Amino acid sequence: MAANSEQAPLSFPDEPGEEQVYELSVGESVEQASSVVEGEYTAEQLTVLQGLEAVRVRPAMYIGDVFTKGLHHLFVEVTDNAVDEAMAGHCDTIDVVLHEDNSLSVQDNGRGIPVEIHPDTGRPGVEVVMTMLHAGGKFGSGGYRFSGGLHGVGVSVVNALSEWLEVEVARDGWLHHQRFERGVPVKDLEKVKKVNYRGTKVRWLADHEIFGEFKYEYHFFTQRLRELAYLNPSTRFHFSNEVTGETFEFFYKRGIAELVEFLNESKDPIHKPIYFRNAREDTEVEVALQYHAGYQATIFTYANNIHTHEGGTHLSGFKTAMTRVMNQYARKAGLLKEKDANFTGDDVLEGLTSVVAVKLLNPQFEGQTKSKLGNLEMQGLVNSIVGEGFTQFLEENPSIARKIIDKAVTAQRVREAARKQAELVRRQSALEGGSLPGKLYDCTERDPSKSELFLVEGESAGGSAKGGRDRRTQAILTLKGKVLNVEKARLDKALENAEIRALIASLGTGIAMNGQADNNGGEAASKFDLSKLRYHRIILMTDADVDGQHIRTLLLTLFFRYMRPLIDEGHIYIAKPPLFRIRVGKNEQFYAQDEEERDRILKDVKTKNIAVTRFKGLGEMDADDLAETTMDPTKRAIVKVTLEDGIEADRLFSLLMGDKVEPRRAFIEKHATEVTEVDWHY
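Given the structure is predicted, the values throughout are model-derived calculations rather than measurements.

*Asks:* Give a detailed account of helix 20 (residues 595–605), specifying residues and quantitative values.
*Replies:* At the N-terminal end of helix 20, a side-chain oxygen is found 3.3 Å from the backbone nitrogen of Glu596, two or three residues along, and the residue is Asp594. A positive phi of about 50 degrees marks Lys606, the residue just after helix 20.

*Asks:* Tell me about the environment of Val285, residues and numbers included.
*Replies:* One can find Val285 in strand 12 (residues 283–291). For the pair formed by Val285 and Val356, sequence separation is 71 residues and the distance between their alpha carbons is 7.5 Å. Here Val285 is in contact with Phe276, Arg277, Asn278, Ala357, Val358, Val382 and Ile385, once residues within four sequence places are set aside.

*Asks:* Break down the packing of aromatic side chains for me, with residues and values.
*Replies:* Tallying each qualifying case throughout the model produces eleven aromatic pairs. Consider the rings of Phe220 and Phe221, whose centres lie 6.2 Å apart with planes at 85 degrees: the pair is edge-to-face. Under the relative-accessibility criterion, Phe221 is labelled buried at 0%. Taking the centre distance of 6.3 Å and the plane angle of 25 degrees together, the rings of Phe239 and Phe248 count as stacked. Residue Phe239 shares its accessibility class with Phe248, and that shared class is buried. Ring-pair connections join several aromatic residues into one group, and the members of that group are Phe75, Phe214, Tyr216, Phe220, Phe221, Phe239, Phe248 and Phe250.

*Asks:* Lay out the side chain of Arg534 in plain terms, naming residues and giving numbers.
*Replies:* With respect to the secondary-structure elements, Arg534 resides in the loop between helix 17 (522–527) and strand 19 (537–541). Among the residues examined, Arg534 registers a relative accessible area of 9% and is labelled buried. A distance of 3.2 Å separates a polar atom in the side chain of Arg534 from the backbone oxygen of Ser506.

*Asks:* Would you mind going over the nonpolar core in detail, with residue names and values included?
*Replies:* Counting residues in hydrophobic clusters, the biggest one holds 64 residues, and the most contacted among them are Met130, Trp204, Phe211 and Tyr216. Ranked by residues supplied to this core, first place goes to helix 4 (residues 68–87) with nine residues. One finds Tyr291, Ala297, Leu352 and Leu381 within the second-largest nonpolar core, a separate group that totals 43 residues.

*Asks:* Explain the packing of helix 18 (residues 546–562) against helix 22 (residues 646–657) to me, and be specific about the residues and the numbers.
*Replies:* Axes are the key here: two packed helices are described by the angle between their axes and the distance separating the axes. Viewed as axis vectors pointing N to C, helix 18 and helix 22 meet at an angle of 125 degrees, and their least axial separation amounts to 11 Å. It follows that helix 18 is oblique to helix 22 by the angle criterion. Considering how the two elements wind past one another, helix 18 and helix 22 form a crossing that is left-handed. Contacts from His550, Thr553, Leu554, Leu556, Thr557, Phe560 and Arg561 of helix 18 reach helix 22 at Gly646, Ala649, Asp650, Phe653, Ser654 and Met657. Considered class by class, the residues forming the contact of helix 18 with helix 22 number six nonpolar, five polar and two charged.

*Asks:* Can you break down the sheet that holds strand 24 (residues 638–640) residue by residue, with the values?
*Replies:* Across the sheet, six strands lie side by side as 16-18-17-19-20-24; this open sheet has mixed pairing. Where the open sheet ends on each side, the last strands, each with one partner, are strand 16 (440–441) and strand 24. For strand 16 and strand 18 (residues 474–479), the ladder comprises two bridges, and the chain directions are antiparallel. Paired with Leu440 across the strands is Leu477, a residue of strand 18. Along the sheet face, helix 18 touches strand 17 (452–457), strand 18, strand 19 and strand 20 (572–575) and points at about 150 degrees away from the line of strand 19. The strands touched by helix 21 (residues 623–631) within the sheet are strand 17, strand 18, strand 19, strand 20 and strand 24, with strand 19 carrying the most contacts at an inclination of about 120 degrees.

Thresholds applied
- Residues numbered from 1 in each chain as written.
- Predicted model: local features only at pLDDT ≥ 70, side-chain atom pairs only at ≥ 80, totals over all residues.
- Heavy atoms only, no water.
- Polar contact = N/O pair within 3.5 Å; in protein donor to acceptor, adjacent residues only side chain to side chain.
- Helix = DSSP H or I, 4+ residues; strand = E, 2+ residues; numbered from the N terminus.
- Contact = heavy atoms within 4.5 Å.
- Phe/Tyr/Trp six-rings, centres within 6.5 Å; stacked < 30°, edge-to-face > 60°.
- Buried < 20%, exposed > 50% of the residue type's maximum accessible area, 1.4 Å probe, protein only.
- Core = buried A, V, L, I, M, F, W, Y, C linked by side-chain atoms within 4.5 Å.
- Axes fitted to C-alpha atoms, helices over the stretch in contact; angles between N-to-C directions.
- Parallel < 35°, antiparallel > 145°, perpendicular 65-115°, else oblique.
- Left-handed = near helix turned anticlockwise from the far one by under 90°.
- Nonpolar A, V, L, I, M, F, W, Y, C, P; charged D, E, K, R; others polar.
- Pairing = 2+ DSSP bridges.

Take a look at the structure:
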């Protein structure tokens, strides 16, 4: 039975403060780095890094950073190698274990890494793979047809950045073993014993010299394995957490069709998932789609199991095919008259949930993060295959086709009103000749990278924020009441809401009409322009109670559904105002985020002359309190909103903010016992 992670998809890691950064050469101290005399540059100062030494000197070049993201990327690299075996048809089970000593292991039942001597290096193949960059079976040598890895640096980088790594290879009836420490073999590959199974097991302990004192986020493993299980329906994925004792199995026999159902479980689908798959010119295209009664468009795209969250040519081809087929069928069936305008992409995408997964020989991704597919040929191939498959379905299912077309007709009628509203808001947000909302107290700084916007609920809180801000770099937008829940409202209704209009005008970016605020060209992207963002930090500053959390969730829903790049690019932050002020005597005071911190402070001060104030809301804090605790960049604590799991985020926004009551009730009942603190203050 498949198990699903229920962890929160939006995480709020602490935002690091400003810091001085120095570039140091190997073996050079800070004092040496700061005392280099300009002009003293000779051949003796050149450093040649051998083998994996370069990885240890500049690890961020290979894994992104040496913090949480880079730490978990090691898991991705090793797991992707196992999945490549599955895609090649040689593996049907992958086991991942987080061990009690904080090491990780990934084991597959594939062919096993080659152990025979490599002709060019004179070393066993497994040692070559583990110790040499750009070594592997992904460079046209026949090892893999489809692969997510492009550069052949994956597992060798993991080896270089591990305190120790052990590899076991079961191949040709023998179990082989080799151990490495910080990328260096500490013994030769040896035969251990005869076995009647095959496969590869890699176990490693991330190096504390690189990552410091680290802690894994368990749900990262489950969400990635769950995603891979949807994309590889012939493979079972297991995850065992020896720290917590939890075990999970992920196996979805119907693949991405089940993923679409999972995404729509809190919505009202109007038909069963439509699924088709085809191969052409050494390329496989797999599509699942389902329309629901709501208004949001949700499309996830993948290339060789890599989530291309910025889309690319496969997404463009899919959108083009859907729009073309819907117009052709509607004309042919008489559902669009000669005088009627064609459907646009916005009309066709409304209420659509879809997954597009392609596999190709030589994927070309834009950027090191592989977030956007760039192969030009994929646009035409996906357009053709999706066009044929969707046309056949509509012709064979006329009753469902009629429901889908009727939904697009309704969307078309509403679109013009929404377009006019969006255009009005966009004109209001123009910096030259346009007017900004009256509730916006703007800053004087015109460089967006140096500016931040606080979103504050209520006039009293807005007044305190206005008095406590730095007018040069901090702007304040006061919002009256709770923002409209866009999960339940069409965009034309959302754009009639005064608070949403004021927010869009203040930001200057516009809004994505169909909810797919992507960067793939076409209508949606043309209506949302991230380059026009007026403030690079948008800080949600709400009361530290249940109502404040609700307002924050409503704003996050709006950003996720219609301004997604603001989250993807790290522009959304959460302020952390204190709940208590503790005054000690006449000249000393402290602030506490919660009861626990308050009690700790009271225990430490040990005096009778104490006054404790519980803030009922931001409006009860004076400007000095708000500035010192929540707005002053040198003293405040704010957290950045990041998106860890797009699939789970989409599902939870639908579940918690959508129309269906039963799934929300079931979710609350399931997790009610996990709540440790509820603010009952009114």
